[in-house]
Amino acid sequence: MWAVISILMICHTHTLQAQDTGCTNPDACNFDAEATQDDASCLFPADACDDEDPFTENDIYQTDCACAGVYNPGLESECYGTNAGVVISTDTIGAFDVIAVDMDGDGDNDILASTNKEQILWYENDGQGNFSSEIIIDEGNLSLSSIFASDLDGDG
């Protein structure tokens, strides 16, 4: 025997009005004029922040709400080691994308750079951390913005 059962459900619906949460204090650096409910996220001058500069410490919001820290040259040697910097070129103007890659398969990283003169430059590493003068790989590429290196044919 088959029975057909009909179920009628009546649901009561109501509209929830979303509340915009954020910092409602107009003196805060991150004041949100659209916020209707304070979420305790307000940031004020002298509050700690991170200016994303590895060579500064004690970063705080300034009176203009910019995040800034105090430069500490000692942090450079902690990050890179003493005298770890190598000058590769003082002649390259407008380098904006620089990568380290083993271009010649000799086991040490060479340097590739793109410039605002629409050039791709190679600085060959001799294995002792000394680099050649610039070798122009390509130039005249309109709208060059980034460089990437890959062994496309897998020959090393």
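The coordinates are above.
Each chain carries its own residue numbering, running from 1 in the written order of its sequence. Residues qualify for local features only when their pLDDT is at least 70, as the model is predicted, and side-chain atom pairs are given and counted only at 80 or more; totals for whole chains, interfaces and linings, by contrast, use all residues. To obtain the side-chain values, all non-hydrogen atoms of the structure were used and water was disregarded.

Asks: Looking at this structure, how should I read the overall build of the protein chain?
Replies: Helix and strand counts for the protein chain come out as one helix and eight strands. Only DSSP runs of H or I with at least four residues qualify as helices, and only runs of E with at least two residues qualify as strands; both kinds are numbered from the N terminus onward. Ordered by position from N to C terminus, the α and β elements of the protein chain give β-β-β-β-α-β-β-β-β. Burial status follows relative accessibility: with a 1.4 Å probe on protein chains alone, a residue under 20% of its type maximum counts as buried, one over 50% as exposed, and anything between as partly exposed. Split into buried and exposed, the 156 residues of the protein chain put 18% on the buried side. Two residues form a contact once any of their heavy atoms are found within 4.5 Å. Within the protein chain, counting contacts between residues at least 6 apart in sequence, those at least 24 apart form 18% of the total. Areas reported here follow the Shrake-Rupley algorithm with a probe of radius 1.4 Å; residue values treat only the protein chains shown as occluding. In the structure as shown, the protein chain presents an accessible area of about 11800 Å², 51% of it carried by carbon and sulfur atoms.

Asks: Got a minute to help me understand the sheet that holds strand β6 (residues 110–115) in this structure?
Replies: The pairing of strands in a sheet happens through backbone hydrogen bonds and is either parallel or antiparallel. One open sheet accounts for four strands, arranged β5-β6-β7-β8; its pairing is antiparallel. The sheet terminates laterally at β5 (95–101) and β8 (135–139), the two strands that pair on one side only. The mean inter-strand angle of the sheet, taken between neighbouring strand axes irrespective of direction, is 20°. Paired strands are those between which DSSP finds at least two bridges. With four bridges joining them, β6 and strand β7 (residues 119–123) adopt antiparallel strand pairing. Bridging from a neighbouring strand, Ile111 pairs with Tyr123 of β7. Structural elements are reduced to axes, namely lines fitted to C-alpha atoms, with helices fitted over the stretch in contact, and the angle between N-to-C directions of any two is expressed from 0 to 180 degrees.

Asks: Explanation requested: the state of the cysteines in the structure shown.
Replies: What is meant by a disulfide is a covalent connection between two cysteines, made through their sulfur atoms. By convention in this document, the label disulfide applies to cysteine sulfur atom pairs within 2.5 Å. Scanning all chains against the criterion turns up three disulfides. For Cys49, the disulfide goes to Cys67, at an S-S distance of 2.0 Å. With the S-S dihedral at roughly 100°, the linkage between Cys49 and Cys67 falls on the right-handed side. Of this pair, Cys49 sits in the loop between β2 (37–38) and β3 (56–61) while Cys67 sits in strand β4 (residues 67–71); the two residues are 18 residues apart in sequence, bridging distant segments of the chain. Residue Cys49 is classed as buried on the basis of its relative accessible area of 18%. Taking relative accessible area as the criterion, Cys67 reaches 25% and is therefore assigned partly exposed. Take the cysteines of the protein chain that form disulfides and number them in order along the sequence; they join up as 1-3, 2-5, 4-6.

Asks: Help me out: how do you make sense of unusual backbone geometry in this one?
Replies: Note: most peptide bonds trans; most residues except glycine with negative phi. The phi angle at Ala46 is positive, at roughly 85°, despite the residue not being glycine. Classification of Ala46 as exposed rests on a relative accessible area of 54%.

Asks: Got a minute to help me understand the pairing of β3 in this structure?
Replies: In summary, the side chains of a regular strand alternate between the two faces of the sheet. Direction of pairing for β3 relative to β4: antiparallel, over a ladder of four bridges. Considered in β4, the bridge of Ile60 is made with Ala68. Linking β3 to β4, which pair antiparallel, is a turn of five residues; within it Cys65 sits at a positive phi near 70°.

Asks: When you look at the side chain of Asp110 in this model, what are you seeing that I'm missing?
Replies: Its place among the elements puts Asp110 in strand β6. Its relative accessible area of 0% is what places Asp110 among the buried residues. Here a polar contact is recorded for every N or O atom pair within 3.5 Å, except that within protein the pair must consist of a potential hydrogen donor and a potential acceptor, and residues adjacent in sequence are included only if both atoms are side-chain atoms. There is a polar contact of 2.6 Å between the side chain of Asp110 and the backbone nitrogen of Asn125. Excluding its chain neighbours within four sequence positions, the residues that come into contact with Asp110 are Ile99, Ala100, Val101, Asp102, Met103, Asp104, Trp122, Tyr123, Glu124, Asn125 and Phe131.

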